[in-house]
Each structure stands twice: as C-alpha cells, then as structure tokens.
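Coordinates in review
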Amino acid sequence: MSEVAGNLSAIAGKISAACLRAGRDVKSVELIAVSKTFPVGSVREAFEAGQLQFGESKVQEAEPKIAALPGSLHWHFIGRVQRNKVRKMLQNFEVIHAIDSLRLASYTDEIAGELGLFPKVFLQVNVGREASKGGFEPDVLRAEMEGLLKLERLEIIGLMCIPPAGPDPESARPWFALLREIRDALEIEFGVILPALSMGMSGDFGVAIEEGSTHVRVGSAIFGKRSYRVDEELG
Ligand SMILES: *Cc1c(COP(=O)(O)O)cnc(C)c1O
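Everything quoted here is computed from the prediction, not taken from an experiment.

Remarks on the site of the ligand
The environment of the ligand is formed by 12 residues, the closest being Lys36, Ser202, Gly219, Ser220 and Arg226. Lys36 places a side-chain nitrogen or oxygen 2.6 Å from an oxygen atom of the ligand. Contact between the ligand and Ser202: an oxygen atom at 2.5 Å from a side-chain N or O atom of the residue. Residues belonging to the shell around the ligand are distributed by class as follows: 6 nonpolar, 3 polar and 3 charged.

Written as structure tokens, this is what we have:
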C-alpha cells in the first residue's frame, strides 16, 4: 500500500470514529483531499486508493494537474477567489468553497451563465473577524443574503470557515459551533436549507465533524508536509 493510501485509510477510520461519537451517519461527511503543492503522482495515488474528491487553492497551479488526471475526479476550489480567475475556476471546479462577497457572487453568477453552468458554492464566513482572512463578516452576510439567494446560477449549499489558529484542535470547536449556529439562523430567517458545512482540516477535522461538518478539507495528513506554512495560503 502506498503511504498516501495508508494515510487515507487512517483518516477514514478517524472520520468513522468522529461520526460514531456524534451519532452521525459516516456517509454525511465528505473527505476532500487537498492536493495543493503536491504533484499529479500524489493525486493519482489517492485516486487509486479510491479517493474522488480533491481540493486545490490556486487556479493556475490546479489547471494543468486537473487536465493531466482522469475526468472522474471531482474538484473543489478552496482558495480565495480572484475576479480575473473566475472563468477558469468555473471551467475546472465543480464546487467553490470561498465566495466572500455579494459582488463576487454576482460576477461568478454572470460568468456561470455565460458558460451554461450551475456551480455549487459555499459562502465563507470570517468567524474570527480576522483582518488577515477572507469571508463575510456575519452581519454583512445577513444583510446580503437576500441578494445572494436571488442569483440564478449559484447553488448555495452552505457555509465554510477557516477558524483562527489555536494551540490544539479543541480551540477550534467554538468557531465550528459558531458557523453551525450562523447557518441555523440563516435557515430560519430566510426560509432556506443550507445543508453543508465546509470546516475542519488535518489538525481538527474530528472536532469539526462533532460540530456538524459535512465537508472536511484535509491536505497534509494525506499527502505529507507542504514546504511552506499553511497560514500564508489561507484566505
Ligand atoms: C491548505 C488548506 C487546507 C488543508 O490544510 P491541511 O492542514 O494541510 O489539512 C484546508 N482548507 C484550506 C482553505 C486550505 O487552504
């Protein structure tokens, strides 16, 4: 078994354990293998081990990788969305995790219309109100929700967050819980269903699942250490 396959199987075990603790169906959690900075060969190893959902955070880096791999893989864009990359992003990715303004959402909706696509999107919430991170401030999201729901092409499936860095996985728990509460409140206020929560990474996906995560974005625990700090990348 390859190292990547071994890591995937260990993570599957941890996901099942977290689901058991939370009384959740293991099928309610999707593992997204975050392959940014790792070569096509690593993605292939994961694919051969049965992994089908992958995440990348830069369109430029992802495009040649996606082109080199089988079409049966499903790609999630988890990075900060740049306006000038929206078209290429939509041509390559099925799910967008970090829409963070009504303006950007409207533009993405317009380009999706031109391309004849109906992309699934998450709205990123800046739960810790950190200047360094992207995402809607919770109050701004409430104010813009009406406009977001009017967009015809974007299928808004839920919320995403990257919590403030903390000393241990438990320190992320209140932020995950907060994202779930914001979701619950939006569902009631706007009469919509937002079934998905994209939260949890290598260090804290177990806690995230206990707090309701449906999409965990796991990179280094599958592929190994990246050669630069994650914080530089996170938006
Ligand atoms: C890189 C990245 C991840 C994966 O981080 P790991 O700690 O390697 O699991 C998850 N989400 C986002 C938005 C990322 O940029």
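Don't stop here, the text continues.
Overview of the side chain of Gln51
Of note, Gln51 is situated in the loop between helix H2 (40–48) and strand E2 (53–56). Among residues more than four places away in sequence, those in contact with Gln51 are Leu8, Leu31, Ile32, Ala33 and Ala46.

With respect to the environment of Ala17
Following the sequence through the fold, Ala17 ends up in helix H1 (residues 3–22). Relative accessible area serves as the criterion here: at 32%, Ala17 is assigned to the partly exposed category. In the structure, Ala17 is positioned 189 residues away from Gly206 in sequence and 8.2 Å away in space, judged by C-alpha atoms.

Focus: helix H7 (residues 173–190)
Between the first and last C-alpha of H7 there are 26 Å, a value that for 18 residues agrees with the 26 Å anticipated at 1.5 Å per step. In this structure, the buried residues of H7 make contact with helix H6 (138–150), strand E6 (155–160), strand E7 (196–198) and helix H8 (205–210). Positive phi appears at Gly191, one or two residues downstream of H7, with a value of about 60 degrees.

Looking at the pairing of strand E8 (residues 215–218)
Where burial is concerned, the two faces of E8 agree: the one with His215 and Arg217 and the one with Val216 and Val218 are both buried. Note that strand E1 (residues 30–34) and E8 share 4 bridges and pair parallel. In the strand pairing of E8, Glu30 is matched with His215.

About the thresholds
Residues numbered from 1 in each chain as written. Predicted model: local features only at pLDDT ≥ 70, side-chain atom pairs only at ≥ 80, totals over all residues. Heavy atoms only, no water. Near = heavy atom within 4 Å. Polar contact = N/O pair within 3.5 Å; in protein donor to acceptor, adjacent residues only side chain to side chain. Nonpolar A, V, L, I, M, F, W, Y, C, P; charged D, E, K, R; others polar. Helix = DSSP H or I, 4+ residues; strand = E, 2+ residues; numbered from the N terminus. Contact = heavy atoms within 4.5 Å. Buried < 20%, exposed > 50% of the residue type's maximum accessible area, 1.4 Å probe, protein only. Expected span 1.5 Å × (residues − 1). Pairing = 2+ DSSP bridges.

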